[in-house]
Amino acid sequence: MVIDYIMSCLSLLNRVSEIESSKDIIGRLHCQSSGVICPLHGVMLLNELFEDTATLIVGAPECVYYPQVGTLIRLDNPTLSGIYTYVMDENDVVFGSADGLKIAAQAVLEDPEIAALFLVSSCVFELIGDDLRAISADIANALGKPVFPVHTSNYDHHCPDYFKAIERLLEAIATVLS
């Protein structure tokens, strides 16, 4: 499966001599790497410390692409299998993503080995005004497992890098640690 994915990616590549602008650099999606500054990278790094949890990242295709690629690159690390993504579509952006997120979270939390869920936002989720705390509380009440909301949008510069995202993830679980 990984070999097929790599071969698929290689088939999209251009030779360096064929690249005249950034538009000639094609990935799985029409977006460019956000680099390590994206807060979602911090969530991925910290995810490795929590073996009995899962992380559900909600966002536009461009946002969830990087955690998916990061998971594939580090596939030899079984703790990274706990990263899931929910790709927002047009209906989620217009009408909200709460219903879809609840279904996705239920599918993740059906695994008896997962004791808790980090529900992680991205910029688009925050911009449309979905209430991460309320959605997390609804999922936790319905499924009987803790769901920790983690705000990581960096559009407003309140979460400008992955260190801030790590801080926010730790703050989210601080309530049960104290």
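These numbers were taken from a predicted model, which means no experiment stands behind them. (Residues numbered from 1 in each chain as written. Predicted model: local features only at pLDDT ≥ 70, side-chain atom pairs only at ≥ 80, totals over all residues. Heavy atoms only, no water.)

### Overview of the overall build of the protein chain
1) Next: In terms of regular secondary structure, the protein chain is built from 8 helices and 4 strands.
2) Next: When the helices and strands of the protein chain are placed in sequence order, the string is α-α-β-α-β-α-α-β-α-α-β-α.
3) Next: For the protein chain, contacts bridging at least 24 residues in sequence account for 69% of all contacts bridging at least 6.
4) Next: Element-wise, carbon and sulfur atoms account for 58% of the exposed surface of the protein chain, whose accessible area totals about 10300 Å². (Helix = DSSP H or I, 4+ residues; strand = E, 2+ residues; numbered from the N terminus. Contact = heavy atoms within 4.5 Å. Areas by Shrake-Rupley, 256 points an atom, 1.4 Å probe, with all protein chains shown as cover.)

### What to know about a nonpolar patch on the surface
1) Next: On the surface, a nonpolar cluster with roughly 340 Å² of combined accessible area is contributed by V93, V94 and F95.
2) Next: Along the chain, the position of F95 falls in helix 4 (residues 90–95). (Patch = residues over 30% accessible without salt bridge, like charges linked within 9 Å, V, L, I, M, F, W, Y side chains within 5 Å. Salt bridge = Lys/Arg side-chain N within 4 Å of Asp/Glu carboxyl O.)

### Description of helix 2 (residues 39–47)
1) Next: By the criterion of burial, helix 2 is predominantly enclosed, with 8 of the 9 residues buried.
2) Next: Buried within helix 2 are the following residues: P39, L40, H41, G42, V43, M44, L46 and N47. (Buried < 20%, exposed > 50% of the residue type's maximum accessible area, 1.4 Å probe, protein only.)

### With respect to the pairing of strand 3 (residues 116–120)
1) Next: Burial of strand 3 is extensive: 5 of the 5 residues sit out of reach of the surface.
2) Next: The alternating pattern of strand 3 places A116, F118 and V120 and L117 and L119 on opposite faces, both of which are buried.
3) Next: Bridging between strand 1 (residues 53–59) and strand 3 involves 5 bridges; their strand directions are parallel. Pairing of A54 across the sheet is with L117, part of strand 3. (Pairing = 2+ DSSP bridges.)

### A few points about the packing of aromatic side chains
1) Next: Inspection of every chain in the model, using the stated rule, returns 2 aromatic pairs.
2) Next: On the numbers, 5.6 Å between centres and 35 degrees between planes, the contact of F118 with F148 is tilted. A residue pair is termed long-range when its members are at least 10 positions apart, and F118 in strand 3 and F148 in strand 4 (residues 147–150) qualify at 30 residues.
3) Next: Among the residues examined, F118 registers a relative accessible area of 1% and is labelled buried.
4) Next: With relative accessibility at 9%, the residue F148 sits in the buried group.
5) Next: Among the aromatic residues, those joined into a cluster by ring pairs are F50, F118 and F148. (Phe/Tyr/Trp six-rings, centres within 6.5 Å; stacked < 30°, edge-to-face > 60°.)

### Examining the confidence of the model for the protein chain
1) Next: On average, residues of the protein chain carry a pLDDT of 77, and 66% of them reach 70 or more.
2) Next: The least confident element of the protein chain is helix 1 (residues 2–12), whose mean pLDDT is 60; the most confident is helix 7 (residues 132–143), at 94. (pLDDT = per-residue confidence, 0-100.)

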